[in-house]
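Take a look at the letters that make up each chain.
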Amino acid sequence: MITKTSRVAILAAALMAGTVLSGMAHAADTVKVGVLQSLSGTMAISEVTVKNAEMMAIDEINASGGVLGKQIVPVVEDGASDPAIFAQKATKLVQDDEVVTVFGGWTSASRKAMLPVFQRLKSLLWYPVQFEGNECSPAIMYSGAQPNQQMLPAYDWAKEKGFKTFFLLGSDYVFPRTANLIAKKHIEKDKLTLAGEEYVPLGGTDFSAVIAKIQAAKPDVIFSTLNGDSNVSFFKQMGAAGLPSAKLPVMSFSIGEQEAQAMGPSLVEGSYAAWNYFQSIDTPENKKFVAAYQAKFGANAAVTDPMVHGYIDVYVWKAAVEKAGTFDAKKVRAAAVELAALPSPMGPVKFARNQSLIQTAYIGELDPKGQFKILWTSKGAIDPEPYDPVAFPGKKCVIKH
Amino acid sequence: MGELTLFVGQIFNGFSVASLFVLSALGLALSFGLMRVINMAHGEMLMLGGYLAYLTLMVVPGPLGILVALPVAFLGAGLVGALLEATVIHRLSSRPLDTLLATWGVSLIFQQGARNIFGAIGVDVTAPAWLNHTISISGGPLDGLTLPATRIFIMGVAVLVLGGLALLLAKTRIGLLVRAVNQDRETAAAMGVNARKVDLMVFALGTGVAGLAGVVLALLGPVTPNVGQSYIVPAFLVVILGGLGSLVGTAIASLIIGLFSALVQIYVDVSLSQVLLLVFVIAFIQFRPQGVIAVRSRALDS
């Protein structure tokens, strides 16, 4: 009851602030877009920097002349780490602020909450984070990795390395459960051993029983879809139990450069991660991007995969608008999948016809400075597959344009 | 590693989890028993202890830092607790529901304060080298059993705190006064006991113990602005199960909860074990609403 009242008050205040902002931006040579990330609550740690990257892209585009001759005016909203608020704010952005598109979301719960809003209002959401797939909507451009672009390449790499028994550990919500379901089907198909599967509530801090089971199961490798603070507790308690990453490899799917720095790189040194972008990627485009970000947000600011996805989403949107010659959501998404590959910090990127990004998978190993040494790169860019044929046979994602 | 090893290992883990629970719940149990105050900001005293450990380790690095951090956190959290009692809780002592709301507000202020000062991401307290090893058994029926030194250290702290408090309550004059006020506040006051002072002291003592809990928690997990929130729910469970205001009850309830979840977790995962734990506590208080140990007190009768 207490929370509800205070939320209503906060919401009222936020709505009032929003109206003032939107009242100011009504010039003819501007176009409004929404930026919707959690700026407060537990997810703020990760999402504030995605907002920074999206805003940086908008600033850069404005500095070089805008889109179709119009300056972009971002309307920033706070999803407050709460799926219900994400849905409310998405409605507000599209209906009241009349933004032409929205960049945002992080957790699968936030995306699932916003999906019906964008479908009903016939608008378009650009979603920047890797996720569990098993979803296919014309209202969303999925730039984060599908399972076959992150989890499964990591699994293939582990097989190549000769790992035979796998232990799946995750936070207890939709992404880890679905991702592990897919991994399990593949382990089964390849006749390898699933040594155990454990879930800990989001934010859980006690891993004593999980570690005892890991010790009993003696896996070759742990696949971890733990999210947030739980990772710190897990790695600390693994170290204390005499199982540092050097002894029992851990492959994480939610630890990026920023999380590693926050956890203290020594804690996670030697552990592996799978992403479609690492700050250490050695290309001129990436060096330029990292330098620009650090010039703006501090010389030690870490750059992560979801931030880069948020950044390139804005650029792909711009290119699609220019190709379509209009801001109309339906025409923009049709144009977006027809575009030629665009250069980006993570290499040339292009959306497939199913509105997910075609991208390369990388495996990295954390060094003492919290940066990844790239150990493995997939053979070329991987086509996105929202429905893994082994786990979800017969399902196909086809979007009409 | 056999079944037996896993079982024995889980009993050890159960004791280890129980020692964390006892440290986080003692203060709640004490202050509720004496003053009928539910301090929603109790978890933030844990958080305070964690941040004080972090600060102490910056000033006193090296192997003994953590031993210095314990008294620092105890005194620091105790002082903040005393201040909280004097400024908020005492003034609302006749309105228990308002204390609930006020201390909840205080907890939000503390969390936001920590976020503003230390950042949302949290800070890291590293265990000193002498705690950073594992006793492992190889050969024999318990082959493969590992006992992390940090967890043994935490159990030691819990035992010392429990023993110290028991001695304080049973053997000292202060303890006598506390027991007197606990049994019958009006009569004790009529006999010349300064109940006001006793309240203040017990509350500060309880928050001080929470501060200690914060230091040892930092050895196992991160110190973040919302670290207290993850321990406050089990702490309330311990208090409900143990019987309000009883030291022995709190200790026994912590052990029951710790061992129950550790042993259940051999068969189910952590999420499900928490569900089963809640079911167990609800069933238990159906049969024994007064908790493990019933404390007879005028304060709780009405």
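Thresholds, definitions, all that
Residues numbered from 1 in each chain as written. Chains lettered and ligands numbered in written order. Predicted model: local features only at pLDDT ≥ 70, side-chain atom pairs only at ≥ 80, totals over all residues. Helix = DSSP H or I, 4+ residues; strand = E, 2+ residues; numbered from the N terminus. Rg over C-alpha atoms; globule rule 2.2 N^0.38 Å. Buried ≥ 20, exposed ≤ 12 C-beta atoms within 10 Å, placed from the backbone. Contact = placed C-beta atoms within 7 Å. Nonpolar A, V, L, I, M, F, W, Y, C, P; charged D, E, K, R; others polar. Expected span 1.5 Å × (residues − 1). Pairing = 2+ DSSP bridges. Axes fitted to C-alpha atoms, helices over the stretch in contact; angles between N-to-C directions. Core = buried A, V, L, I, M, F, W, Y, C linked by C-beta atoms within 7 Å. Domains from an automatic or database assignment. Parallel < 35°, antiparallel > 145°, perpendicular 65-115°, else oblique. Left-handed = near helix turned anticlockwise from the far one by under 90°. pLDDT = per-residue confidence, 0-100.

Q: Explain the overall build of chain A residue by residue, including any values.
A: Within chain A, the regular secondary structure consists of 13 helices and 14 strands. Here the C-alpha atoms of chain A give a radius of gyration of 21 Å, agreeing with the 21 Å that 2.2 N^0.38 yields for 401 residues. Principal-axis analysis of the C-alpha atoms gives chain A an extent of 65 × 50 × 45 Å. When the 401 residues of chain A are sorted by exposure, 54% land in the buried category. Long-range contacts, defined as pairs at least 24 residues apart, comprise 70% of the intrachain contacts of chain A with a sequence gap of at least 6.

Q: Pulling in residues and values, what's your account of the interface of chain B and chain A?
A: Between chain B and chain A, the contact holds 29 residues from the first and 28 residues from the second. Among the secondary structure elements, those contributing two or more residues to the side of chain B that touches chain A are helix H1 (3–35), strand E1 (134–136), strand E2 (146–148) and helix H11 (270–287) of chain B. Broken down by element, the residue count for the side of chain B that touches chain A peaks at six residues, all from H1(B). For the side of chain B that touches chain A, a count of residues per class yields eleven nonpolar, 16 polar and two charged.

Q: Quick one: what's the story with helix H6 (residues 174–189) of chain A, residue by residue and with numbers?
A: Helical geometry note: an α-helix holds 3.6 residues per turn, so side chains three or four residues apart project in the same direction. Residue and element names in this part refer to chain A. With 16 residues, H6 should cover 22 Å at 1.5 Å per step; its first-to-last C-alpha distance of 23 Å lies within 8% of that length. Taken together, the buried positions of H6 are Phe 175, Pro 176, Thr 178, Ala 179, Asn 180, Ile 182, Ala 183 and Ile 187. Elements in contact with the buried residues of H6: helix H4 (108–120), helix H5 (151–160), strand E6 (165–171), strand E7 (193–200) and strand E8 (221–225). At the exit of H6 stands Lys 191, carrying a positive phi of roughly 55°.

Q: Provide a residue-level description of the sheet that holds strand E14 (residues 372–377) of chain A, including the pertinent values.
A: Residue and element names in this part refer to chain A. Pairing within the open sheet is mixed, and its seven strands lie in the order E7-E6-E8-E9-E10-E13-E14. Where the open sheet ends on each side, the last strands, each with one partner, are E7 and E14. Taken over all neighbouring pairs, the strand axes of this sheet differ in orientation by 25° on average, direction set aside. Of the pairings in the sheet, the one linking E6 to E8 comprises five bridges and is parallel in character. Within E8, the residue paired with Gly 170 across the bridge is Thr 225. The strands touched by helix H7 (residues 208–217) within the sheet are E6, E7 and E8, with E7 carrying the most contacts at an inclination of about 180°.

Q: Describe the nonpolar core, and please don't skip the residues or the numbers.
A: Counting 200 residues, the largest nonpolar core has Met251(A), Leu23(B) and Leu212(B) as its most contacted members. With 14 residues, H1(B) is the largest single contributor of residues to this core. Composition of this core by domain shows at least three residues from each of domain 1 (2–146 + 294–358) and domain 2 (148–280 + 361–377) of chain A. With residues up to four places along the chain from it excluded, the contact list for Leu23(B) reads Ala158(B), Val161(B), Val209(B), Leu212(B), Ala213(B) and Val216(B).

Q: A description of the sheet that holds strand E1 (residues 30–37) of chain A should follow, citing residues and the corresponding values.
A: Residues and elements named next belong to chain A. Spatially, the five strands line up as an open sheet ordered E2-E1-E3-E4-E5, and their pairing is parallel. Both edges of this open sheet fall to strand E2 (71–78) and strand E5 (140–142), since each of them pairs with a single strand only. Neighbour-to-neighbour, the strand axes of the sheet open up by a mean angle of 25°, direction not taken into account. Seen against the sheet, helix H3 (residues 83–96) touches E1, E2 and strand E3 (102–104) and runs at an angle of roughly 180° to E1. Where helix H12 (residues 305–324) meets the sheet, it contacts E3, strand E4 (125–127) and E5, and its direction lies at approximately 165° from that of E3.

Q: Which residues make up the domain arrangement of chain A, and what values go with them?
A: Interfaces are frequently sized by the accessible area removed from exposure as the parts join. Residues and elements named next belong to chain A. Splitting chain A by domain gives domain 1 (2–146 + 294–358) and domain 2 (148–280 + 361–377). The straight-line distance from the C-alpha centre of domain 1 to that of domain 2 is 29 Å. If you look at the interface, domain 1 gives 17 residues, while domain 2 gives 17 residues. Elements supplying a minimum of two residues to the side of domain 1 that touches domain 2: H4 and H12. Grouping the amino acids of the side of domain 1 that touches domain 2 by side-chain chemistry returns eight nonpolar, seven polar and two charged.

Q: Help me get a handle on unusual backbone geometry, residues and values and all.
A: For Leu68(A), which is not glycine, the phi dihedral falls at a positive 50°. Summarising the element assignment, Leu68(A) is placed in the loop between helix H2 (44–63) and E2. A tally of 14 C-beta atoms within 10 Å means that Leu68(A) is categorised as partly exposed. Positive phi outside glycine occurs at Arg36(B), with the angle close to 55°. Looking at the element boundaries, Arg36(B) is found in the loop between H1 and helix H2 (42–59).

Q: Describe in detail the pairing of strand E13 (residues 362–366) of chain A, supporting the description with residues and values.
A: Residue and element names in this part refer to chain A. When you tally the buried positions in E13, you get four out of five residues, the bulk of the element. Here strand E10 (residues 272–275) runs beside E13; their pairing, made up of four bridges, is antiparallel. Bridged to Ala 273 within E13 is Gly 364. In the sheet, E13 pairs with E14 via five bridges, with the strands oriented antiparallel. Bridging from a neighbouring strand, Glu 365 pairs with Lys 373 of E14.

Q: Which residues make up H2(B), and what values do they have?
A: The terminal C-alpha atoms of H2(B) lie 26 Å apart, and with 18 residues this matches the ideal 26 Å at 1.5 Å per residue to within 8%. The element H2(B) is extensively covered by neighbouring structure, given that 15 of its 18 residues are classed as buried.

Q: I'd like a rundown of the packing of H3(A) against H4(A), residues and numbers included.
A: What describes two packed helices is the angle between their axes and the distance between those same axes. All names here are of chain A. With their axes 8 Å apart at the nearest point, H3 and H4 run at an angle of 30° to one another. Between H3 and H4, the crossing angle belongs to the class labelled roughly parallel. The hand of the H3/H4 crossing is right-handed. Contacts from Pro 83, Ala 84, Phe 86, Ala 87, Ala 90 and Thr 91 of H3 reach H4 at Ala 109, Ser 110, Ala 113, Met 114, Val 117 and Phe 118. Split by residue class, the contact of H3 with H4 holds ten nonpolar, two polar and no charged.

Q: Got a sec to walk through the confidence of the model for chain A? Specific residues and values, please.
A: All names here are of chain A. Looking at chain A, the pLDDT average stands at 90 and 93% of residues meet or exceed 70. Confidence drops under pLDDT 50 across residues 1–6; counting only partners more than four residues distant or on other chains, this segment forms one contact. Below a pLDDT of 50 lies the segment residues 9–26, which in the model reaches ten contacts outside its immediate sequence neighbourhood of four places, other chains included.

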